[in-house]
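Each chain is listed here by its residues.
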Amino acid sequence: MEISQSLDYDVVNIVSLWDIGKLTVIIDNTRRKKRYNAQVIRKGGGVFLVFASGKVVATGFKSVALPGSLLQEIYPEKDVIFKRVINITAHSFLPYGFNTTALIERYQDTTYKPEIYPAVYIRLHDVTLIYYTTGSIIVTGAKEKHHIDLALSEFCSRTASIKV
């Protein structure tokens, strides 16, 4: 559990990019609806997309360390090099309700289209925060955990004045 200035959150997914050097990949897309130009490996609760260039995208993991050790296990003859975090997704919960109409009217970075999707979208510090009226919050687009802290902290300061 990570702690923001005002809200706790759980990291639910980290998408990361790795490099293991050029290699030959075996691509079997016969049983997939979506076709990738990569070998798909499921291991450790996550998925690796392994490209012939040696680039590997790891998704479905809650830490950056686990995909690195699993890749070293899968390719023991290769040097596994971490490149960067592509995206961190986290989940939180707002313990109070607020006037969503007031939030939408006050801030231009806030959108709400209930006919398309029943959530309020807010762009804060290059992070997208998705708020549901149940109090559930999804934060996505973060590259580092402190970006999640910043977004949740600002969201709380915005909503504190319009609590119901």
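Residues numbered from 1 in each chain as written. Predicted model: local features only at pLDDT ≥ 70, side-chain atom pairs only at ≥ 80, totals over all residues. Heavy atoms only, no water.

Under the annotation held in an unreviewed UniProt entry, the protein carries the name TATA-box-binding protein and is attributed to Tetranychus urticae. If you open the UniProt record of the protein and go to Sequence similarities (unreviewed entry), you find "Belongs to the TBP family." (UniProt positions renumbered as here; feature names shortened; annotations may be inferred.)

A. Layout of helix H1 (residues 65-74). Buried residues of H1: Pro 67, Gly 68, Leu 70 and Leu 71, and no others. Across the axial projection of H1, the buried residues extend over an arc of 170°, all falling on one side. Exposed side of H1, more than 90 degrees from the buried face: Ala 65 and Glu 73 are the residues found there. Where H1 is buried, its residues meet strand S2 (8-19), strand S3 (39-43), strand S4 (46-50) and strand S5 (55-61). (Buried < 20%, exposed > 50% of the residue type's maximum accessible area, 1.4 Å probe, protein only. Helix = DSSP H or I, 4+ residues; strand = E, 2+ residues; numbered from the N terminus. Arc of directions from axis to C-beta. Contact = heavy atoms within 4.5 Å.)

B. Highlighting the pattern of salt bridges. Scanning the entire structure with this criterion turns up four salt bridges. Here Asp 19 makes a salt bridge to Lys 55, at a shortest N to O gap of 3.2 Å. Of this pair, Asp 19 sits in strand S2 while Lys 55 is found in strand S5, placing the two residues 36 residues apart along the sequence. Residue classification places Asp 19 among the buried residues on the basis of a relative accessible area of 14%. For Lys 55, a relative accessible area of 32% puts it in the partly exposed group. We note a salt bridge from Glu 154 to Arg 158, for which the minimum N-O separation is 3.0 Å. (Salt bridge = Lys/Arg side-chain N within 4 Å of Asp/Glu carboxyl O.)

C. Spotlight on the pairing of S2. A large share of S2 lies buried, amounting to nine of its 12 residues. The pairing of S2 with strand S6 (residues 81-93) spans 10 bridges and is classified as antiparallel. Each residue of the ladder has a partner; that of Asp 10, found in S6, is His 91. In this structure, S2 lies alongside S5, joined through five bridges in antiparallel fashion. Residue pairing in the sheet places Asp 19 in a bridge with Lys 55 of S5. (Pairing = 2+ DSSP bridges.)

D. Expanded view of helix H3 (residues 145-160). Helix length check: H3 (16 residues) gives 23 Å between terminal C-alpha atoms against 22 Å at 1.5 Å per residue, within 8%. Here H3 has its buried residues at Ile 148, Ala 151, Leu 152, Ser 153, Phe 155, Cys 156, Arg 158 and Thr 159. (Expected span 1.5 Å × (residues − 1).)

E. The arrangement of the environment of Thr 100 in detail. Mapped onto the elements, Thr 100 comes out in helix H2 (residues 100-106). Sequence separation of Thr 100 and Pro 114 is 14 residues, and the distance between their C-alpha atoms is 12 Å. Setting aside its immediate chain neighbours within four residues, Thr 100 contacts Val 120 and Tyr 131.

F. Layout of the pairing of strand S9 (residues 127-131). By the criterion of burial, S9 is predominantly enclosed, with five of the five residues buried. Both faces of S9 are covered, namely the face carrying Val 127, Leu 129 and Tyr 131 and the face carrying Thr 128 and Ile 130. Of the strand pairs in this sheet, strand S8 (residues 120-124) and S9 are connected by five bridges, and their pairing is antiparallel. Directly across from Val 120, in S9, lies its bridge partner Tyr 131.

G. Representation of the environment of Asp 19. The sequence separation of Asp 19 and Ile 148 amounts to 129 residues, and the corresponding C-alpha distance is 26 Å. Engagement of the side chain of Asp 19 in a polar contact is seen with the backbone nitrogen of Gly 21, the distance being 2.9 Å. Within the structure, Asp 19 has its side chain in polar contact with the side chain of Lys 55 (distance 3.2 Å). (Polar contact = N/O pair within 3.5 Å; in protein donor to acceptor, adjacent residues only side chain to side chain.)

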